[in-house]
Amino acid sequence: MQVTIQEASRLLREKKISSVELTKDYLERIRQVESKVRALVTVTDEPALEQARKADELIASGKAGALTGVPIVIKDNMCTRGIKTTCSSKMLENFVPPYDASVVEKVNAQGMVTVGKTNLDEFAMGSSTENSALFVTRNPWDVSRVPGGSSGGSAVAVVVGEAVCALGSDTGGSIRQPAGFCSVVGLKPTYGRVSRYGLVAFASSLDQIGPLTQDVTDCALLFNAIAGHDKRDSTSVPEPVPDYTKCLKTDLKGMRLGVPKEYYVEGMQPEVTAAMKSALGKLEELGAELEETSLPSTPYALAVYYIIAPSEASANLARYDGVKYGYSYAGDSMWESMEKTRGNGFGPEVKRRIMLGTYALSAGYYDAWYVKAQKVRTLIRREFDAAFEKYDALITPTSPTVPFKIGEKTDDPLAMYLSDVCTLPINIAGVPGISVPAGFADGLPIGMQIIGRHFGEETLLRVAYAFEQATDWHKRKAGI
Ligand code: GLN
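This one's a predicted model, so the numbers in the text were calculated from it and none came from an experiment.

Calculation rules
Residues numbered from 1 in each chain as written. Predicted model: local features only at pLDDT ≥ 70, side-chain atom pairs only at ≥ 80, totals over all residues. Heavy atoms only, no water. Helix = DSSP H or I, 4+ residues; strand = E, 2+ residues; numbered from the N terminus. Rg over C-alpha atoms; globule rule 2.2 N^0.38 Å. Contact = heavy atoms within 4.5 Å. Near = heavy atom within 4 Å. Polar contact = N/O pair within 3.5 Å; in protein donor to acceptor, adjacent residues only side chain to side chain. Areas by Shrake-Rupley, 256 points an atom, 1.4 Å probe, with all protein chains shown as cover. Nonpolar A, V, L, I, M, F, W, Y, C, P; charged D, E, K, R; others polar. Phe/Tyr/Trp six-rings, centres within 6.5 Å; stacked < 30°, edge-to-face > 60°. Buried < 20%, exposed > 50% of the residue type's maximum accessible area, 1.4 Å probe, protein only. Lys NZ or Arg CZ within 6 Å of the ring centre and 35° of its normal.

**Quick notes on the overall build of the protein**
Item 1. Per the secondary structure count, the protein includes 15 helices and 11 strands.
Item 2. Taking 480 residues into account, the globule formula puts the C-alpha radius of gyration at 23 Å, and the protein, at 21 Å, falls close to it.
Item 3. Principal-axis analysis of the C-alpha atoms places the extent of the protein at approximately 65 × 55 × 45 Å.
Item 4. Pairs at least 24 residues apart make up 76% of the contacts formed inside the protein by residues separated by at least 6 positions.

This is the structure in structure tokens:
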């Protein structure tokens, strides 16, 4: 059985199925398809059934919420108490956290059932899930292609029905780009909307956790559960959390949507251009007013990101020294131990980022690189603020291409970095962005990105929902 959150919730409440039965169905589906796609680092059979039994008790007592008893998978960079959290790295291959991330506590409190932890690019650094030190995840629409990344495992698990929904994290596109590549809905919330406590840090000023789901209503339902202030994350914002399902309407009358021309760049695949053209037409039909606009600093976003993200990563990853936790090499001296721990424990992309970041932060280069990047970051942010004085949301493609072949970009980090040109600026500005299914080219998915103002998720979800209801893209299933 492959159901959405809403369908699962109805079946559970009407006692047509129990959470234990539903969970067993999903565990069985995992056994059927996992060898073809390899989305999961860990399958949590026993704890999942235990959670399902508890969910059934909650349902029987009439205390169930919209998410109770629903199977979910969680990206393997969010801490789960008693369950391995590897970050798809040799460094944390056997790390079992003693606590739950805030978002994990929250989905547990709703009575959700975690059936597995999903594969990612090592420490969330990448755009294809090929940087996982464990194994490569495949795109179910064409298994010779990448699912996107870094939350590739989460996107695949949702689209093939290994779970009803998933959590991912997004530092520069890692929820939205795989959502686009796999034809699911993926939301990167406003920076500070969701607690990062217990998310293994990559770049702390950019990281956000968000939902990956089969449709927009499910996105709103899961987002309701994870949004909100947490005193353990000083960057989480004490703004009230609305009910995000309330803003879902089927028309866009009176909405002003900006189409920033810098996102429709040369080098974009013609199939993506064509899909975007018809998507924009659809938005207009729904009553929105569209206007071309300009965010002139957009071309600098990639450079800014690849200074700031590696700088923060180099500081965050200093903790993996073989002393506190994770992989440890016992050398003859402290220096040898540390060198071999980090040398063996980290993969090539992680090392590249640490070197880039350490360089950008070093005395003599700090002002020229890191401080300069921060200044341009402010310019980018201001351009978004100015755009949102005029527009309710901005519409762009999620990615300039359809999913590429496994191995196609692994030898060329710059080509790989380019696959995030449309998503990186959103993290730099801290605003929210959502990717929704918007077309196919030769059977390969294309995503549309909707960008909103800070804490403007309701508007994003409204645009996404109206578009979804007027199109059929989200209903297509990968034949696997
Ligand atoms: N692909 C980008 C990177 O490699 C973004 C990754 C992410 O959002 N975690 O850094």
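Now that the structure has been shown, we can carry on.
**A few points about the site of the ligand**
Item 1. Around the ligand, the structure places 15 residues, and the nearest of them are G172, S174, Y305, R353 and D420.
Item 2. A distance of 2.8 Å is found between a nitrogen atom of the ligand and a backbone nitrogen or oxygen belonging to A124.
Item 3. The separation between a nitrogen atom of the ligand and a polar main-chain atom of G126 is 2.9 Å.
Item 4. For the ligand, the accessible surface in isolation is 290 Å², of which the surrounding protein chains cover 100%.
Item 5. Its residues assigned to classes, the shell around the ligand shows five nonpolar, seven polar and three charged.

**Some points on the packing of aromatic side chains**
Item 1. Counted by the stated rule, this structure contains 15 aromatic pairs.
Item 2. Ring geometry for F123 and Y320: centres 5.2 Å apart, planes at 50°, overall tilted. Here F123, found in the loop between β3 (113–118) and α5 (152–159), pairs with Y320, found in the loop between α9 (301–316) and α10 (334–345); they are 197 residues apart in sequence, far enough to count as distant.
Item 3. Overall, Y320 belongs to the buried group, its relative accessible area being 2%.
Item 4. Judged by centre distance (3.9 Å) and plane angle (10°), the rings of Y306 and Y417 are stacked. Of this pair, Y306 sits in helix α9 while Y417 sits in helix α13 (residues 413–418), and the two are 111 residues apart along the sequence.
Item 5. Among the aromatic side chains, those forming a connected cluster through ring pairs are F95, F123, Y320, Y325 and F346.
Item 6. The ring of F135 has R38 lying over it, and the distance from NZ or CZ to the ring centre is 3.9 Å.

**What about helix α7 (residues 216–226)?**
Item 1. Counting buried positions along α7 gives 10 out of 11 residues, so the element sits mostly inside the fold.
Item 2. Of the residues making up α7, those classed as buried are V216, T217, D218, C219, A220, L221, L222, F223, A225 and I226.
Item 3. Positioned one or two residues after α7, G228 has a phi angle of 130°, which is positive.

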